[in-house]
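# Geometric and topological summary
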Amino acid sequence: MSIERHIAGLLQQIARQQDIVEIAPQGTTAKAAALAHVAEQYGYTYGTAYRTGFKNSLVQVRMYRDPRPDARVREAATITAHPQAGNGGTVPGLEQGSLTPVPEAVGAAAVLKDLITFDVMALYIANRSQKVKGYLACAVVTVLLLFDKSPVEAVISGGAVALLFTVAFQVGAIRRRKIAQRLTAAGFHAVRDEQGSQRFLRPGHQLPGHANPFAA
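Residues numbered from 1 in each chain as written. Predicted model: local features only at pLDDT ≥ 70, side-chain atom pairs only at ≥ 80, totals over all residues. Heavy atoms only, no water.

Strand order in the open sheet formed by three strands is E1-E3-E2, with antiparallel pairing between adjacent strands. Every interior strand has two partners, whereas the edge strands, strand E1 (20-23) and strand E2 (44-52), have only one. Looking at each pair of strands side by side, their axes are set apart by 20 degrees on average, direction ignored. Two elements, E2 and strand E3 (residues 58-65), share eight bridges in a ladder whose sense is antiparallel. Counterpart to Arg51 in the pairing with E3 is Val59. Packing against the sheet, helix H4 (residues 106-121) makes contact with E2 and E3, and its axis sits at approximately 40 degrees to E2. (Pairing = 2+ DSSP bridges. Helix = DSSP H or I, 4+ residues; strand = E, 2+ residues; numbered from the N terminus. Axes fitted to C-alpha atoms, helices over the stretch in contact; angles between N-to-C directions. Contact = heavy atoms within 4.5 Å.)

Moving on, we come to the pattern of salt bridges. Within this structure, the stated rule accounts for eight salt bridges. As a salt-bridge pair, Arg199 and Asp119 come within 3.1 Å of each other at their nearest N and O atoms. Pair noted here: Arg199 is in strand E5 (residues 198-201) and Asp119 is in helix H4, with a separation of 80 residues, a long-range link. A single burial state applies to Arg199 and to Asp119, both of which are buried. Among the charged side chains, a network of salt bridges with common partners joins Arg65, Arg72 and Glu75. (Salt bridge = Lys/Arg side-chain N within 4 Å of Asp/Glu carboxyl O. Buried < 20%, exposed > 50% of the residue type's maximum accessible area, 1.4 Å probe, protein only.)

What follows is about the pairing of E5. Bridge analysis of strand E4 (residues 189-192) against E5 gives four bridges, and the strand direction is antiparallel. The partner of His189 across the bridge, within E5, is Leu201. The hairpin turn running from E4 into E5, its antiparallel successor, is five residues long, and Gly196 in that turn takes a positive phi close to 85 degrees.

Interaxial distance between helix H2 (residues 29-41) and H4 falls to 8 Å at its minimum, and their mutual angle equals 120 degrees. Between H2 and H4 the crossing geometry is right-handed. Residues Thr29, Ala30, Ala32, Ala33, Ala36, His37 and Glu40 of H2 form the contact with H4, whose own contacting residues are Ala108, Ala109, Leu112, Lys113, Ile116 and Thr117. Classifying every residue of the contact of H2 with H4 by side-chain character gives eight nonpolar, three polar and two charged. (Left-handed = near helix turned anticlockwise from the far one by under 90°. Nonpolar A, V, L, I, M, F, W, Y, C, P; charged D, E, K, R; others polar.)

A separate point is the packing of helix H1 (residues 3-15) against H2. As a packed pair, H1 and H2 sit with axes 11 Å apart at the nearest point and diverge in direction by 30 degrees. Viewed along their axes, H1 and H2 adopt a mutual orientation that is roughly parallel. Viewed along their axes, H1 and H2 form a crossing whose handedness is right-handed. Side by side, H1 and H2 meet where His6, Ile7, Leu10, Leu11 and Ile14 of the first sit next to Leu35, Val38 and Ala39 of the second. Class assignment of the residues belonging to the contact of H1 with H2 gives a composition of seven nonpolar, one polar and no charged. (Parallel < 35°, antiparallel > 145°, perpendicular 65-115°, else oblique.)

Put into structure tokens, the structure is as follows:
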């Protein structure tokens with residue numbers, strides 16, 4: 001999908017004043033963050049992000065319409081400043097004809113990228129139950145290998161799989177901790193959602209409700 005279609009699709013959702021808009025660009029989380037920043041200029045606020053599509057290849061971002069007065073002021077100012085957005089005109093926060101944030105929007109887009117990445121990585125951070133299942137799978141692999149290999153070869157192969165499994169989750173956990181540190185430094189605070197997963201919110205915000213990002 002072209003850049004123009006990504007932007008036009010987002011702006012069409014916004015023009016209908018939907019309570020929720022969905023962003024699912026093909027490509028990197030940086031593109032998703034850039035589009036999320038555009039939505040913020042029209043009075044929306046970040047809700048959540050997750051992977052979807054074939055083999056979880058797409059990052060989907062959900063933005064909620066912010067009911068606060070300052071969001072409506074921001075929306076009105078954006079509409080006035082960018083009357084032809086989506087029709088060949090300038091798009092708030094982006095360089096003309098691209099999904100690259102303008103210099104003054106780089107910091108805000110980077111924060112959104114961290115929020116998106118942190119939420120998306122939750123899928124790959126193992127809890128205790130997942131780790132137990134993973135290591136049991138490694139044990140099963142070792143047993144199956146005994147039918148074709150010597151005991152030493154089977155143990156070495158199974159151990160290698162277990163080591164790769166451990167390293168993968170450790171790397172993911174370390175990266176997520178670094179993102180959490182950056183979000184905390186940016187003024188966000190950590191909370192737990194209904195599933196017990198850690199999330200980060202701006203001061204004064206609460207976890208999204210059905211259509212209201214400030215509902216308990």
